[in-house]
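Close look at the chain arrangement
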Amino acid sequence: NAGSKGGRGALIVLEGLDRSGKSSQCARLLSFLEGKGCATEGWRFPDRETSVGKMISAYLANESQLDDRTIHLLFSANRWEKRSLMESKLLGGTTLVVDRYSYSGVAFSAAKGLDIEWCKAPEVGLLAPDLVIYLDVQPEKAAERGGYGGERYERVEFQKRVAEYYHSLHDSTWKVVDGSVPMETVEEQVRELAMNCISECKEKQLTNLSW
Ligand code: NYM
Ligand code: MG
């Protein structure tokens, strides 16, 4: 499976705390890339549309209770159920801009006290991102941004622990962008990182997360 003649698409992930600006930046990057004529799709995890995603959504809204390991595995399953579609899109030349991925899975569950290695295990074998952009915002600052939406995990003390786990996950694909500066400045940096990534990964093999 050699991919399309223009080369494969890039797997670009945006990560960060709740209210760090990921969703806005994903939307802006998506329209920028579309404007450039680049085949792109915006994805997000959790994908709340699937039946697994609906269970996750109910849990986040406090409409259901689930054991910590059970919900961890559901978040992971929600990525696994999209893996083959993700692979075919990328090999077909479409770049995916993804709002949250395995790093959210590990950081949020580890912040609850689950063993981090246990948290990583079900993520092994999912597609490895070509670029992870971490929008770095102080937990207190994020909380001030129009407040939280009332979902589970949206508490500043918890988000501080999540930030610590995120910082322990940095690898060679990570780029930390200061998310506290004006949106347009963040957008500019995100665009540049994405454009470089897209051109560099055209000839690169897709790989799996190994951790
Ligand atoms: N979240 C997200 C997890 O705990 N594990 C995961 O694997 C993923 C993808 O879900 N507070 C958490 C982070 C968020 C919440 O995400 C919902 P969003 O981006 O607000 O829909
Ligand atoms: Mg949220």
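This text follows the structure it describes.
Below is a short write-up of the structure.

1. Things to note about unusual backbone geometry
Both trends apply: most residues other than glycine have a negative phi, and most peptide bonds are in trans. For the peptide bond that leads from Phe 45 to Pro 46, omega is 0°, which places it in the cis range. Here Pro 46 is to be found in the loop between strand 2 (40–44) and helix 2 (51–60). One non-glycine residue, Arg 100, lies in positive phi territory at about 75°. Summarising the element assignment, Arg 100 is placed in the loop between strand 3 (95–99) and helix 5 (102–111). When its relative accessible area of 10% is taken as the criterion, Arg 100 is described as buried.

2. As for the layout of surface pockets
If you add up the space inside the largest pocket, you get close to 570 Å³. Considering the residues around the largest pocket, the lining is formed by 27 residues, among which Asp 18, Lys 22, Arg 44, Arg 48 and Arg 100 are closest to the centre. Counting only elements with at least two residues in the lining of the largest pocket, the list comes to helix 1 (22–35), helix 3 (68–80) and helix 5. With four residues, the top contributor of residues to the lining of the largest pocket is helix 5. Around the second largest pocket, the lining comprises 23 residues; the ones closest to its centre are Pro 129, Asp 130, Leu 131, Ser 172 and Thr 173. The biggest single contributor to the lining of the second largest pocket is helix 9 (residues 183–201), with five residues. Of the residues contributing to the lining of the second largest pocket, the split by class is 11 nonpolar, six polar and six charged.

3. A closer look at the nonpolar core
One broad trend across soluble globular proteins is that nonpolar side chains are buried collectively. Judged by nonpolar contacts, the single largest core of 41 residues is most densely connected at Leu 11, Met 86, Val 98, Tyr 101, Tyr 103, Val 162 and Tyr 166. Non-local contacts of Tyr 103, meaning those with residues more than four positions away in its chain, are made with Glu 15, Pro 129, Val 132, Tyr 166, Leu 169, Asp 171, Thr 173, Trp 174, Leu 209 and Trp 211.

4. Quick notes on the packing of aromatic side chains
Applying the stated criterion across every chain, the model contains 12 aromatic pairs. Consider the rings of Phe 108 and Phe 158, whose centres lie 6.2 Å apart with planes at 45°: the pair is tilted. Of this pair, Phe 108 sits in helix 5 while Phe 158 sits in helix 8 (residues 156–167), and the two are 50 residues apart along the sequence. Aromatic side chains Tyr 153 and Phe 158 sit 5.2 Å apart centroid to centroid with 15° between the ring planes, which places their arrangement in the stacked category. An aromatic cluster is defined as three or more aromatic residues linked by ring pairs; in this entry it consists of Tyr 59, Tyr 103, Phe 108, Tyr 134, Tyr 153, Phe 158, Tyr 166, Trp 174 and Trp 211. Note that Arg 69 overlies the ring of Trp 118, its terminal NZ or CZ placed 5.5 Å from the centroid. Above the face of the Trp 43 ring, Lys 82 is positioned so that its terminal group lies 6.0 Å from the ring centre.

5. A short note on helix 3
The end-to-end C-alpha separation of helix 3 is 19 Å, in line with the 18 Å expected for 13 residues at 1.5 Å each. By the burial criterion, the buried members of helix 3 are Ile 71, His 72, Leu 74, Phe 75, Ser 76, Asn 78 and Arg 79. For helix 3, the secondary structure elements touched by its buried residues are helix 2, helix 4 (83–91), helix 5 and helix 6 (116–120). Its side-chain oxygen placed 3.0 Å from the backbone nitrogen of Arg 69, Asp 67 serves as the N-cap of helix 3.

6. Notes on the site of ligand 1
In the vicinity of ligand 1, 13 residues are found, and the nearest of them are Asp 18, Arg 48, Arg 79, Arg 100 and Gly 105. One of the side-chain N or O atoms of Arg 44 is found 3.5 Å from an oxygen atom in ligand 1. At 2.9 Å, a side-chain N or O of Arg 48 approaches an oxygen atom of ligand 1. Summarising the interface, the protein chains cover 94% of the accessible area of ligand 1, which totals 480 Å² for the free molecule. Spatially, ligand 1 is embedded in the largest pocket. Counting residues per element, the ones that place at least two in the shell around ligand 1 are helix 3 and helix 5.

7. Considerations on the pattern of salt bridges
Side chains that differ in sign of charge can pair as their charged atoms come close. For the structure shown, the criterion picks out 15 salt bridges. Glu 140 is the salt-bridge partner of Lys 160, the closest N and O atoms lying 3.3 Å from each other. Separated by 20 residues along the polypeptide, Lys 160 in helix 8 and Glu 140 in helix 7 (residues 139–144) bring together distant segments of the chain. We classify Lys 160 as partly exposed; its relative accessible area is 28%. Judged by relative accessible area, which is 38%, Glu 140 ranks as partly exposed.

The rules we used
- Residues numbered from 1 in each chain as written.
- Chains lettered and ligands numbered in written order.
- Predicted model: local features only at pLDDT ≥ 70, side-chain atom pairs only at ≥ 80, totals over all residues.
- Heavy atoms only, no water.
- Helix = DSSP H or I, 4+ residues; strand = E, 2+ residues; numbered from the N terminus.
- Buried < 20%, exposed > 50% of the residue type's maximum accessible area, 1.4 Å probe, protein only.
- 1 Å grid on protein atoms, 1.4 Å probe; cavity = no way out; pocket = protein on both sides within 12 Å on 5 of 7 lines; lining within 4 Å.
- Points joined across faces, edges and corners; volume = space filled by probe spheres on them.
- Nonpolar A, V, L, I, M, F, W, Y, C, P; charged D, E, K, R; others polar.
- Core = buried A, V, L, I, M, F, W, Y, C linked by side-chain atoms within 4.5 Å.
- Contact = heavy atoms within 4.5 Å.
- Phe/Tyr/Trp six-rings, centres within 6.5 Å; stacked < 30°, edge-to-face > 60°.
- Lys NZ or Arg CZ within 6 Å of the ring centre and 35° of its normal.
- Expected span 1.5 Å × (residues − 1).
- Polar contact = N/O pair within 3.5 Å; in protein donor to acceptor, adjacent residues only side chain to side chain.
- Near = heavy atom within 4 Å.
- Areas by Shrake-Rupley, 256 points an atom, 1.4 Å probe, with all protein chains shown as cover.
- Sits in = over half its atoms within 2 Å of the grid points.
- Salt bridge = Lys/Arg side-chain N within 4 Å of Asp/Glu carboxyl O.

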